[in-house]
Amino acid sequence: NPFMTDHPKVGYFALVRTNRNWRNLWLGQIVSLLGDWFNLIASASLIATLTGSGFAIGGLFVVRALAPFLVSPFAGVITDRYNRKNILIGCDIVRIFIVLGFLFVKDPQFAWVIYALTALQLGVGGIFFTARRAITPDIVAPHEIGPANALGSATWSVMLAIGAAIGGLVSGAFGVYTAFAIDSVTFIISA
């Protein structure tokens, strides 16, 4: 049978337990995504507070969707041309400083800065996730690619739910600026 391989099936737990490189990449993804979803709630809350406009909040979500889309044609080229590990670490380091920029937006006249910072953060995130997907075949064996991709995709969905919930709780209890500070720390840990 041409579909039979000499490699046994690899489960998710076995992959995480036995492949150190994949485990580190996956743990970095968890922490990074937690911060991304923290930021979603905090930035939407901040723009609502500063502008009082539902249209402004909608604009934020448009920026969040467009930034990775506009970066995607370049992300693949960058990922193919440069060291993927360095790209991942570099993207996290850059996002630390971008997210810290949110801490300085406190006046309604500077609400536009939230859009700019969001575009930068999500644009750099688009490069990060392209590099993350591209590095996977380099650090897992061919028979581990299926479980690695499935685990990575499931992690995105799970972290959306967990990160948004925790981000909402932190933003509500301690304020949006605390959520932004925690977001920046997640990128430090991820890097």
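Just so you know, these numbers come straight off a predicted model, no measurement behind them. (Residues numbered from 1 in each chain as written. Predicted model: local features only at pLDDT ≥ 70, side-chain atom pairs only at ≥ 80, totals over all residues. Heavy atoms only, no water.)

> What should I look at first to understand helix α4 (residues 84-101) in this one?
Since there are 3.6 residues in each turn of an α-helix, residues three or four apart along the chain are aligned in direction. When the terminal C-alpha atoms of α4 are compared, their 26 Å separation across 18 residues agrees well with the 26 Å that a helix rising 1.5 Å per residue should span. Taken residue by residue, α4 has Arg84, Ile87, Leu88, Cys91, Asp92, Arg95, Ile96, Ile98, Val99 and Gly101 as its buried positions. Where α4 is buried, its residues contact α2 (20-51), α3 (54-81), α5 (111-139) and α7 (176-190). For α4, the capping residue at the N-terminal end is Asn83, with a side-chain oxygen 2.9 Å from the backbone nitrogen of Lys85. (Helix = DSSP H or I, 4+ residues; strand = E, 2+ residues; numbered from the N terminus. Expected span 1.5 Å × (residues − 1). Buried < 20%, exposed > 50% of the residue type's maximum accessible area, 1.4 Å probe, protein only. Contact = heavy atoms within 4.5 Å. Polar contact = N/O pair within 3.5 Å; in protein donor to acceptor, adjacent residues only side chain to side chain.)

> What is the right way to look at the nonpolar core in this model?
Considering soluble globular proteins, one finds that nonpolar side chains tend to be buried as a cluster. Judged by nonpolar contacts, the single largest core of 47 residues is most densely connected at Trp22, Leu46, Val105, Ile114 and Phe180. Elements that contribute at least two residues to this core include exactly α1 (12-18), α2, α3, α4, α5, α6 (145-174) and α7. Broken down by element, this core gets its largest block of residues, twelve residues, from α2. The residues contacting Ile114, other than those within four sequence positions of it, are Ser43, Leu46, Ile47, Leu50, Leu60, Phe102 and Val105. (Core = buried A, V, L, I, M, F, W, Y, C linked by side-chain atoms within 4.5 Å.)

> How do you make sense of the packing of aromatic side chains when you look at a structure like this?
Centre-to-centre distance and the angle between the planes together describe a pair of aromatic rings. This model, assessed by the stated rule, comprises four aromatic pairs. With centroids separated by 4.6 Å and ring planes inclined at 10°, the aromatic side chains of Phe102 and Phe180 adopt a geometry described as stacked. On the criterion of sequence distance, the pair formed by Phe102 in the loop between α4 and α5 and Phe180 in helix α7 is long-range, its members being 78 residues apart. Of the two residues, Phe102 and Phe180, both sit in the buried class. Every member of this aromatic cluster is reached through a ring pair, and the members are Phe102, Tyr177 and Phe180. Directly above the aromatic system of Phe128 lies the positively charged group of Arg95, at a separation of 4.5 Å from the ring centroid. Here Lys106 stacks its cationic end above the ring of Tyr177, 4.8 Å away from the centre of that ring. (Phe/Tyr/Trp six-rings, centres within 6.5 Å; stacked < 30°, edge-to-face > 60°. Lys NZ or Arg CZ within 6 Å of the ring centre and 35° of its normal.)

> Even after reading the chapter, I still don't get the pattern of salt bridges, so can you show me in this structure?
Here the idea is simple: oppositely charged side chains can pair when their charged atoms come close. Inspection of the entire model under this criterion finds four salt bridges. Among the salt bridges present, the one from Asp80 reaches Arg84, with a minimum N-O distance of 3.3 Å. Overall, the relative accessible area of 61% leaves Asp80 in the exposed class. With a shortest N-O distance of 2.8 Å, Asp138 and Arg84 are connected by a salt bridge. Of this pair, Asp138 sits in helix α5 while Arg84 sits in helix α4; the two residues are 54 residues apart in sequence, bridging distant segments of the chain. A single network of salt bridges, built from pairs that share partners, joins Asp36, Asp92 and Arg95. (Salt bridge = Lys/Arg side-chain N within 4 Å of Asp/Glu carboxyl O.)

> Explain the packing of α2 against α5 here, please?
Packed helices, taken two at a time, are described by their axes: the angle between them and the distance between them. The contact between α2 and α5 brings their axes to 11 Å, and the two run at 165°. The angle between α2 and α5 places the two elements in the roughly antiparallel class. For the pair α2 and α5, the sense of crossing is left-handed. (Axes fitted to C-alpha atoms, helices over the stretch in contact; angles between N-to-C directions. Parallel < 35°, antiparallel > 145°, perpendicular 65-115°, else oblique. Left-handed = near helix turned anticlockwise from the far one by under 90°.)

> Just checking my understanding: could you explain α6 for this structure?
Helix length check: α6 (30 residues) gives 41 Å between terminal C-alpha atoms against 44 Å at 1.5 Å per residue, within 8%. The sharpest bend along α6 reaches about 25° and sits at Met159. Those residues of α6 that fall on the buried side of the exposure criterion are Pro147, Ala148, Leu151, Gly152, Thr155, Met159, Gly163, Ala164, Gly167, Val170 and Ser171. Just downstream of α6, Gly175 is the residue with a positive phi angle, here 100°. (Bend = angle between axes of the 7 residues up to and from the residue.)

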